[in-house]
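Spelled out from the first residue to the last, the chains are:
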Amino acid sequence: MTENTNNSRPITFHVTRYNPESDRKPYIKSYTVPVRAGMTVLDGLHYIKENLDPTLAWRFSCRMGVCGSCGMLLNGHPTLACNTQILHIADTDLTVGPLPNFEIIRDLVPDLMTMFEKHRSINPHIVRTDEKELNTPEGEFYQTPEQLEKFLQFTYCIKCGCCMGACPTLATDVHYLGPMPLAAAERYDNDSRDDGWRDRHQLTGSAHGAFRCHYAGECSRVCPKGVDPARAIQHLKRQLVLDYLHLARKKKPCAMLHGPGEGKLLANIPAAPAKTV
Amino acid sequence: MRETKYWTWHMTAGVVILFLLGLHMLIMHVGGVSTSFAPYSGEATSKANSLFRDSKLFFTVTYIFLLGIALYHGLYGLRTILFELTLKPVVEKSITFVLTITGLGLFVLGTWAAIATHAIALSGARG
Amino acid sequence: MAEMKRHDNRLGLWGWLGGGRWGVERHAYILHRLTGLAILLYFLMHIVVTSLRASGKYMWIEGHVLHQPVFRFGEYLVFAAFAYHAFNGIRLVLVELGLAVGKPIEPIYPYKTSLNVQRPLLISMMVLAGIFLLLGSFEFLGVGK
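These figures come from a predicted structure and were not determined experimentally. (Residues numbered from 1 in each chain as written. Chains lettered and ligands numbered in written order. Predicted model: local features only at pLDDT ≥ 70, side-chain atom pairs only at ≥ 80, totals over all residues. Heavy atoms only, no water.)

Each helix and strand in chain A was counted, giving ten helices and nine strands. For chain A, whose C-alpha radius of gyration is 24 Å, the value lies well above the compact-globule estimate of 19 Å for 277 residues. Overall, the C-alpha framework of chain A stretches about 70 × 60 × 30 Å when taken along its three principal axes. Across the 277 residues in chain A, those meeting the buried criterion constitute 52%. Split by element, the accessible area of chain A, about 13700 Å² in all, is 54% carbon and sulfur. In chain A, which carries 32 positive and 30 negative side-chain charges, the distance between the mean positions of the two groups comes to 2 Å. (Helix = DSSP H or I, 4+ residues; strand = E, 2+ residues; numbered from the N terminus. Rg over C-alpha atoms; globule rule 2.2 N^0.38 Å. Buried < 20%, exposed > 50% of the residue type's maximum accessible area, 1.4 Å probe, protein only. Areas by Shrake-Rupley, 256 points an atom, 1.4 Å probe, with all protein chains shown as cover. Lys, Arg positive; Asp, Glu negative; His and termini not counted. Charge placed at Lys NZ, Arg CZ, Asp CG, Glu CD.)

With that settled, consider the domain arrangement of chain A. Residue and element names in this part refer to chain A. Split into domains, chain A comes out as domain 1 (2–110) and domain 2 (113–258). Each of domain 1 and domain 2 has a C-alpha centre, and the two are 32 Å apart. Of the residues lining the interface, 13 residues belong to domain 1; the matching set on domain 2 comes to 16 residues. Area buried by domain 1 at its contact with domain 2 is led by P78, N101 and F102, which between them contribute 48% of it. The interface formed by domain 1 and domain 2 contains zero salt bridges. At the surface where domain 1 touches domain 2, the tally comes to four residue pairs in polar contact (both at pLDDT 80 or more). No other element matches strand β4 (residues 77–80), which puts three residues into the side of domain 1 that touches domain 2. Tallied by class, residues from the side of domain 1 that touches domain 2 come to seven nonpolar, six polar and no charged. (Domains from an automatic or database assignment. Contact = heavy atoms within 4.5 Å. Buried area = accessible area lost by both parts, 1.4 Å probe. Salt bridge = Lys/Arg side-chain N within 4 Å of Asp/Glu carboxyl O. Polar contact = N/O pair within 3.5 Å; in protein donor to acceptor, adjacent residues only side chain to side chain. Nonpolar A, V, L, I, M, F, W, Y, C, P; charged D, E, K, R; others polar.)

Residue P110 of chain C is reached from Y109 of chain C by a cis peptide bond, and omega for that bond is -5 degrees. The topology assignment puts P110 of chain C in the loop between α3 (69–96) and α4 (114–140). A positive phi angle, near 40 degrees, is found at D107 of chain A, a position not held by glycine. On the basis of relative accessible area, D107 of chain A is assigned to the buried category, the value being 1%. Unusually for a residue other than glycine, T86 of chain B sits at a positive phi of about 55 degrees. Among the secondary structure elements, T86 of chain B is positioned in the loop between α3 (57–83) and α4 (89–126). Take T86 of chain B: its relative accessible area is 27%, and that puts it in the partly exposed class.

Among the nonpolar cores identified, the biggest contains 97 residues, and F13, L45, M72, I86 and V96 of chain A are the most heavily contacted of them. Of all the elements, α3 of chain C adds the most residues to this core, at ten residues. For this core, the domains that each give at least three residues are domain 1 (2–110) and domain 2 (113–258) of chain A. Setting aside residues no more than four positions away along its own chain, V96 of chain A makes contact with F13, H14, V15, T16, V41, L45, M72, L73, L74 and L108 of chain A. (Core = buried A, V, L, I, M, F, W, Y, C linked by side-chain atoms within 4.5 Å.)

Attention now moves to the packing of helix α2 (residues 24–51) of chain C against α4 of chain C. All names here are of chain C. Where α2 meets α4, the axes come as close as 11 Å, and the angle between the chain directions of the two elements is 55 degrees. Taken together, α2 and α4 sit at an angle that is classed as oblique. Note on packing geometry: the crossing formed by α2 with α4 is left-handed. Touching V24, E25 and A28 of α2 are L115, Q118, R119 and L122, all from α4. (Axes fitted to C-alpha atoms, helices over the stretch in contact; angles between N-to-C directions. Parallel < 35°, antiparallel > 145°, perpendicular 65-115°, else oblique. Left-handed = near helix turned anticlockwise from the far one by under 90°.)

Among the structural elements, L135 of chain C can be located in helix α4. L135 of chain C sits ten residues away from M125 of chain C along the chain, and the two C-alpha atoms are 15 Å apart.

This paragraph deals with the packing of aromatic side chains. Residue and element names in this part refer to chain C. Tallying each qualifying case throughout the model produces twelve aromatic pairs over all chains. When the ring of F73 is compared with that of Y76, the centres are 6.4 Å apart and the planes differ by 40 degrees; the resulting orientation is tilted. One end of the pair, F73, and the other, Y76, are both in helix α3, three residues apart, so they sit about a helical turn from each other. Judged by its relative accessible area of 48%, F73 is partly exposed. Take Y76: its relative accessible area is 14%, and that puts it in the buried class. (Phe/Tyr/Trp six-rings, centres within 6.5 Å; stacked < 30°, edge-to-face > 60°.)

Another aspect to go through is the interface of chain A and chain C. In this assembly, 54 residues from chain A lie in contact with 43 residues from chain C. For chain A, the biggest contributors to the area lost against chain C are H214, Y215 and R231 of chain A; these three give 17% of the whole. The closest approach of N and O atoms between E96 of chain C and K237 of chain A, which form a salt bridge, is 2.7 Å. Inspection of the chain A/chain C interface yields 29 residue pairs in polar contact (both at pLDDT 80 or more). A per-element tally of the side of chain A that touches chain C places helix α10 (residues 229–244) of chain A first, with seven residues. Here the residues of the side of chain A that touches chain C are counted per class, giving 25 nonpolar, 14 polar and 15 charged. Sheet topology places strand β6 (residues 103–106) of chain A next to strand β1 (residues 7–8) of chain C; two bridges connect them, and they run antiparallel. (Pairing = 2+ DSSP bridges.)

Time to look at the confidence of the model for chain B. Summarising the model, chain B shows a mean pLDDT of 89, and 92% of its residues fall at 70 or more. Least confident of the elements in chain B is helix α2 (residues 47–54) of chain B, whose mean pLDDT is 85; most confident is α3 of chain B, at 95. (pLDDT = per-residue confidence, 0-100.)

Before going further, it helps to examine the interface of chain A and chain B. Across the boundary between the two partners, chain A contributes 20 residues, which contact 14 residues of chain B. Both faces considered, chain A and chain B share a buried interface measuring about 1500 Å² in area, 62% of it formed by carbon and sulfur atoms. Contact with chain B buries surface across chain A, with F211, R212 and Y244 of chain A losing the most and accounting together for 39% of the total. Counting across the chain A and chain B interface gives two salt bridges. The partner of E3 of chain B in a salt bridge is R212 of chain A, and the shortest N-O contact between them spans 3.5 Å. Remark: the boundary between chain A and chain B carries nine residue pairs in polar contact (both at pLDDT 80 or more). Listing elements by their share of the side of chain A that touches chain B, those giving two or more residues are α8 (197–204) and α10 of chain A. Among the elements that make up the side of chain A that touches chain B, the one with the highest residue count is α10 of chain A (five residues). Among the residues forming the side of chain A that touches chain B, the class breakdown is seven nonpolar, nine polar and four charged.

The following block contains the structure:
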């Protein structure tokens, strides 16, 4: 595919269009785009907007799979438009739709607010009881690399909503928290600095929490960052069950490591060399 | 956290059913597993074999036990599926009520039948 | 901000059953639901029918209404559903208690997920379900009699 760089191939984009002011429901409109090797779906949409139809609306920002704005349904798969090369997924036709399981604001723009509200509800931040230290910090919270690895994978989430679009439970259950907020809950529950897991468990263990996940695995399959929300949710379920059975290991938020000079140095660390300048 | 409780027992029930219903299926439908559960000739589900099992206290007790946990596992599973349809709270409450009544009703019926047949089988065996 | 008209793009029941080109775990999830519902339907009727034996009615034995081939075949389907539901259930218990999905890893493209970790378990459970079903088939289909 790479040797064809100068030649373009016509690919028909079947794009979902919806204007809330004039359309009763979404419809499909087709555009033919000359596609060169290396062009992403986002490039194709830009081509349509600049050359064929300036009214087309979608959301994007960084163009490099970091911001999570351009989550779309490409050939039936929720994924990032900027991260997907057209010729990798299409020979002649490509369907481009908005992420499912959200309301459509216009064309390819889903309303992600429902996801963000659910995300906010699980306290996606480190919660501690020592207010004084949080407001006037005197040192760092100690965390080993091993403790970090327990949740590091789940921190790579960019909140693009692809997992929410792929989840079968969210297809019918409006109140289900969904893969992204639940993975975020697991991420903070497992953070050794955090002390807010009890409150989070109230929500993640509720009727529309982690137990509405039945491991269809779609969220992990579509995640463009390899976050694996399904894994996070299963670990969360185990924690909820152990907690209910009073078998969970007692967790205490990690201790604070005080400022420089107050920690104990290891004996075998050589002294710093003398300054040369 | 109520859901955590329900779900934990749903899973536990599933594991118990795996063994008891597995045994049930082996006796009934996988022939030649053991003749000690179906000593009479013909099918394992024949009346003679049925009465033989009903005369054993082990079977009566396990039937009732399996009945209870299987009803819980099945009806909770159905409730899970229905609750994922985004229903109104009043509908959800009604479903829980109806499923609970159905479960209890069938449990009483099954328990009565298991005990009654146990008595019949025993009297038959004696007489 | 004024309330704008929106289109609800929720997939509904279609989202359970399909909605795209999905993976094997998605199909396992659908089949687990369908077999569960089928077994439950059978089970509720089974309780009533077998309870009638207390009043001397053995409706399933030879010469009675439920001994007809159509009901025998129906029972065979329930047995098949049980074989699947039971063995897939073993996988689900292990997976949903976080025992078969692996520990969090550094995501490096091409991403390996928990789906890859539990896939061998899924395959072995399906093989075992197949063997169990085969054993039962001899009885139901009257082979070896």
